[in-house]
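# Chain and residue survey
Residues per chain, in single letters:
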Amino acid sequence: MTDLEELRAGAAETLDIAEPWIRRVFEAVPRHEFVPGTVWVVDGGVYRPLHRADDPDRWARMVYDPAQAMTTQVDDGTPAPAGGDVPTSSISAPTAVVTMLTELDLRPGHRVLEIGAGTGYNAALLAERAGAGRVTTLDIDPEVADGARAALHRAGYGGVTVLEADGEQGWRGGAPYDRLVATASVRSIPWAWVEQVRPGGLILAPFRTAFCSHGLVRLTVSEGHAEGRFAGALTFMALRGQRARPRIDGLFSAEAWEESRESKADLDLAWLADPHAEFAVGLRLADVAHWPQDGGHWWCGGDSWAYAAADGTVHQWGPRDLADETAEALTWWEGAGRPELFDFGLTVTADGHHRVWLGDPSGPLPAA
């Protein structure tokens, strides 16, 4: 066997895939055939190119590292000469791929719509299970779509339909689908997706809020709505039409710092490192961005910002007290018994309304 084949076999063993069909398709599809010769890695705080020709061993190890996602495009394909800033396309880590295939419950003969073609690798896995002629994959970026189409043809999956299209609109030409799977995260489920999946079919999509980047929702489509539970904690790049998030740019200044309200934190910042706590708070403060930095924590949203230092000193500015709102949300989460993200669910209706609930669909999440 070649080194790449050995690495592929080793990755399959490490992943310890429970579903026989998923192991079969993982072993059948050569992942390295879908990874371009140039990928992007973080170096000195920016994304810089890593060329397979320059370091083939590192490239190969990254391809078959079970936990390694690989960035294949930055800054929508136009990085600055000094390096890229924002990853905009990738091939997902094998662990994430296996998790999503498990939740998708894909059957032979199913019609599948994939939102986000990426390198084409995931579409090849879907094709191995459902049949190449049953899979349609979309990407809004023409270069990404062209690359996926070429890779699929090279690897023997030319029957997969690859289209340059806005995934947020789905693709009515192939509807109704049995399964719709997104490989880009969303803050809201487009109703077009629900309309294009048959009753009883599934939608599987990474779901995020401005506060929390990780989530995975599995919805069953019914007449007039789609409903289901959160099934995992995965982080994906955002769907291009839903990239916008609150930013501190234009709000923070030395003057604003002087004007800010200073207090001591009435919250345990350590809880924000718990993925279940962060997820729950994010459901209640979906429009508030939060990130740790240099031992402290920042919040931004609703024309307000807040900063909590490691020593517990809090500065808040604007019409909202975002650190206080986070403390209240954490108090609610603890009072509810510290539920895990798997305890929450989502209902999407034709009017575009998204209702998050805890426990069962009859129990909506209390407002913040």
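Summary of the structure given here. Since we're looking at a predicted model, the values are computed, not measured. Counting restarts for each chain, with residues numbered from 1 along the sequence as it is written. At least 70 in pLDDT is required for a residue's local features to be given in this predicted model, at least 80 for side-chain atom pairs to be given and counted, and no such filter applies to totals for whole chains, interfaces and linings, which use all residues. Only hydrogens and water are removed before side-chain values are computed, so all heavy atoms of the structure are retained for them.

Here the focus is the packing of helix H4 (residues 94-104) against helix H5 (residues 121-130). Interhelical geometry of H4 versus H5 gives an angle of 40 degrees and a closest axis separation of 12 Å. Classified by the angle between their axes, H4 and H5 sit oblique to one another. At the point where H4 passes H5, the crossing takes the right-handed sense. Within the contact between the two elements, H4 uses Val97, Leu101 and Leu104 and H5 uses Tyr121, Asn122, Leu125 and Leu126. For the contact of H4 with H5, a count of residues per class yields 6 nonpolar, 1 polar and no charged. Note on geometry: axes are C-alpha line fits, over the in-contact stretch for helices, and angles between N-to-C directions span 0 to 180 degrees. Counting from the N terminus, the helices are DSSP H or I runs at least four residues long and the strands are E runs at least two residues long. Throughout this description, any angle smaller than 35 degrees is read as roughly parallel, any larger than 145 degrees as roughly antiparallel, any in the 65 to 115 degree range as roughly perpendicular, and the remainder as oblique. Each crossing is labelled by how the near helix is turned from the far one, with a counterclockwise turn of less than a right angle marking it left-handed and a clockwise turn marking it right-handed. A contact between two residues is defined here by any heavy atoms of the two lying within 4.5 Å. Under the grouping applied here, Gly and all other residues not named as nonpolar or charged are polar, the nonpolar ones being Ala, Val, Leu, Ile, Met, Phe, Trp, Tyr, Cys and Pro and the charged ones Asp, Glu, Lys and Arg.

A few words now on the sheet that holds strand S17 (residues 344-349). Two strands pair if DSSP finds at least two bridges between them. Taken together, 9 strands build an open sheet; the order of strands is S7-S6-S5-S8-S9-S10-S11-S17-S18 and the sheet is mixed. One side of each edge strand has no neighbouring strand; the edge strands of this open sheet are strand S7 (161-164) and strand S18 (354-358). Across the sheet, the mean angle from the axis of one strand to that of its neighbour is 20 degrees, orientation sign disregarded. Where strand S11 (residues 225-232) meets S17, 5 bridges bridge the pair, whose relative direction is antiparallel. Each bridged residue has a counterpart across the sheet, and for Ala226 the counterpart in S17 is Val348. This element, H5, spans strand S5 (112-115), strand S6 (135-139) and strand S8 (177-182) of the sheet and lies at about 170 degrees to S5.

Bringing the sheet that holds strand S16 (residues 313-317) into the picture now. As summarised here, the arrangement of the 5 strands in space is S12-S16-S15-S14-S13, forming an open sheet in which the pairing is antiparallel. Each of the sheet's edge strands pairs with one partner strand only, and the pair in question is strand S12 (261-264) and strand S13 (289-293). On average, each strand axis in the sheet is inclined to that of its neighbour by 15 degrees, with strand direction left out of account. One ladder, built from 4 bridges, connects S12 with S16; its direction is antiparallel.

Next up on the list: helix H10 (residues 322-335). Counting along an α-helix, one turn takes 3.6 residues, and residues three or four places apart therefore face a common direction. One less than the number of residues in a helix, times 1.5 Å, gives the span that helix is expected to have. The terminal C-alpha atoms of H10 lie 20 Å apart, and with 14 residues this matches the ideal 20 Å at 1.5 Å per residue to within 8%. Three or more residues of H10 are buried, namely Leu322, Ala323, Thr326, Ala327, Ala329, Leu330, Trp332 and Trp333. At its buried positions, H10 is contacted by helix H9 (275-284), strand S14 (296-301), strand S15 (304-308), S16, S17 and S18. Only protein chains enter the accessibility calculation, which uses a 1.4 Å probe; a residue is then buried when its area is under 20% of its type maximum, exposed when over 50%, and partly exposed in between.

Within the element layout of this structure, Gln242 appears in the loop between S11 and helix H8 (254-259). Of the polar contacts made by the side chain of Gln242, one reaches the backbone oxygen of Ser188; its length is 3.1 Å. If we ignore the near neighbours within four places in the chain, the residues touching Gln242 are Glu168, Val186, Arg187, Ser188, Pro190 and Arg208. What qualifies as a polar contact is a pair of N or O atoms within 3.5 Å, subject to a donor-acceptor requirement within protein and to the restriction that residues adjacent in sequence count only when both atoms come from side chains.

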